[in-house]
Amino acid sequence: MAAYEGLRLAVQRQGRLTEGTLALLHAIGLAFESYNQRLFSPCRNFPLALLYARDDDIPEYVAAGTVDAGIVGQNLIHEESPHVAELLPLGYGYCTLVLAVPKESRVQGPCDLAGGRVATSYPRSARAYFARHGIGDVEVITLSGSVEVAPSLGLADAIVEITATGSTLLLNDLRPVDTVLESQATLVANHAALAVPAKRADLDRLLMRIKAVRTGRRYKYVMMNAPRKALPRIREILPGLKEPTVVPLADPDWVAVHAAVREETFWEVIEALHRAGASEILVAPIEKLVK
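Residues numbered from 1 in each chain as written. Predicted model: local features only at pLDDT ≥ 70, side-chain atom pairs only at ≥ 80, totals over all residues. Heavy atoms only, no water.

Engineer: Sorry if this is basic, but what is going on with the packing of aromatic side chains here?
Structural biologist: If you walk through the whole model with that rule in mind, you get 2 aromatic pairs. Pairing Tyr129 with Phe130 gives two aromatic rings, centres 5.1 Å apart and planes at 70°, and the pair type is edge-to-face. The two residues Tyr129 and Phe130 agree in class, both being buried. Note on Phe266 and Trp267: the rings are 5.0 Å apart at their centroids and 75° apart in plane angle, and the pair reads as edge-to-face. (Phe/Tyr/Trp six-rings, centres within 6.5 Å; stacked < 30°, edge-to-face > 60°. Buried < 20%, exposed > 50% of the residue type's maximum accessible area, 1.4 Å probe, protein only.)

Engineer: Would you take a moment to explain the sheet that holds strand β1 (residues 7-12) for this structure?
Structural biologist: Across a sheet, strands are paired by hydrogen bonds formed along the backbone, either parallel or antiparallel in direction. The strand order across the open sheet built from 6 strands is β2-β3-β1-β4-β11-β5, with neighbouring strands paired in mixed fashion. The strands lining the two open edges of the sheet, one partner per strand, are β2 (40-42) and β5 (85-89). Strand-to-strand, the axes of this sheet are offset by a mean angle of 25°, without reference to chain direction. Pairing analysis gives 3 bridges linking β2 to strand β3 (residues 48-53), with the strands arranged antiparallel. (Pairing = 2+ DSSP bridges. Helix = DSSP H or I, 4+ residues; strand = E, 2+ residues; numbered from the N terminus. Axes fitted to C-alpha atoms, helices over the stretch in contact; angles between N-to-C directions.)

Engineer: Hey, could you run me through the layout of surface pockets in this one?
Structural biologist: Any space left empty among the atoms is revealed by the rolling of a water-sized probe across them. Estimated volume of the largest pocket: approximately 450 Å³. Along the wall of the largest pocket there are 19 residues; nearest its centre are Asp55, Asp56, Asn75, Leu76 and Tyr122. The set of elements that each furnish at least two residues to the lining of the largest pocket consists of α3 (74-80) and β9 (158-163). Tallied by class, the residues present in the lining of the largest pocket amount to 6 nonpolar, 7 polar and 6 charged. (1 Å grid on protein atoms, 1.4 Å probe; cavity = no way out; pocket = protein on both sides within 12 Å on 5 of 7 lines; lining within 4 Å. Points joined across faces, edges and corners; volume = space filled by probe spheres on them. Nonpolar A, V, L, I, M, F, W, Y, C, P; charged D, E, K, R; others polar.)

Engineer: Sorry if this is basic, but what is going on with empty space enclosed by the protein here?
Structural biologist: Within this structure, the stated rule accounts for 1 cavity of 30 Å³ or more. Within this model, the largest cavity holds a volume of roughly 40 Å³. Among the residues making up the lining of the largest cavity, the classes are represented as 6 nonpolar, no polar and no charged.

Engineer: Teacher, can you tell me more about unusual backbone geometry here?
Structural biologist: What you tend to see is this: most non-glycine residues have negative phi, and most peptide bonds are trans. Positive phi, normally seen in glycine, also occurs at Ser146, with a value near 50°. Secondary-structure assignment places Ser146 in the loop between β8 (139-142) and β9. Of note in the backbone geometry, Asp173 takes a positive phi value of approximately 55° without being a glycine. Along the chain, Asp173 falls in the loop between α5 (167-171) and β10 (174-183).

Engineer: Just to check I follow, could you spell out helix α4 (residues 123-132) for this structure?
Structural biologist: Every α-helical turn comprises 3.6 residues, leaving residues that sit three or four positions apart pointing alike. Residues Pro123, Ser125, Ala126, Tyr129 and Phe130 constitute the buried set of α4. The arc enclosing the buried residues of α4, seen along the axis, measures out at 165°, which places them on a common side. Facing away from the buried side of α4, by more than 90 degrees, are the exposed residues Arg124, Ala131 and Arg132. Packed against the buried residues of α4 are α3, β6 (95-102), β7 (117-120), β8, β9 and β10. (Arc of directions from axis to C-beta. Contact = heavy atoms within 4.5 Å.)

Engineer: Whenever I open this one, the pattern of salt bridges confuses me. Can you help?
Structural biologist: For side chains bearing opposite charge, pairing can occur when the charged atoms are close. With the rule as written, the count across this model stands at 13 salt bridges. Between Arg54 and Asp56 there is a salt bridge, with its nearest N and O atoms 3.4 Å apart. The salt bridge involving Arg54 is made with Asp57; its shortest N-O contact spans 3.3 Å. Asp57 sits in the partly exposed class, given a relative accessible area of 25%. Three or more residues are tied together by salt bridges with common partners; here these are Arg8, Asp68 and Lys199. (Salt bridge = Lys/Arg side-chain N within 4 Å of Asp/Glu carboxyl O.)

What follows is the structure, given as structure tokens:
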């Protein structure tokens, strides 16, 4: 039996997910080379090697066992339906697969396209979308690029295409009429790799690190001084992850309180703490948080 040489992880070489993926991998402590000419890069401090690949190829690489895992957009997993295990959405690379039509079109939804033509680079997703709406007589025209110009060329009545900001649609005088699916970057793995104890253990290590980074980004670490008599109210405001940490100060009537506060409610919590009597409130980012 061959000796275990570590995991193989496929990532997008150049494109929409590249910057976020490399930033995440560096944030979880991996040391590797990432210049554009390199196709294969071993990590110096973790049993893992990176394969830089075209995003369209990554699902198949993972399904075939060419690599053990990959980071890819959910839109490609939905389109290609590869036999892979989706382990964790990663919280970046957000985009939307939309149904869009020319601005002057009278189409308001998928039902208005019965008997029409739709251009897309996601034919399976488009056909599945219209099937869900009970529309079987739509002609789906598959294009590999420049899908947005199909209506202006008279090739199609509408398009189904990925958009992140909507700017490309606007530039081509298109308007979205419905969402086909929402997408973000996700970590996927080969099923056979998950059954190998050594590979599963290293994948679990990666997952723990990624979750720690993602969780840390959702919180701020808050430290403050407060009158001891204000503690009951502060505890109500600051449940933290479990309970806030309370540290006695030299003045017995005062305490220091430390807690993690969720980013989405940060300002409301800070304002409530200030009203409750907290002062000298210090806020720090959290790089990682292992729960």
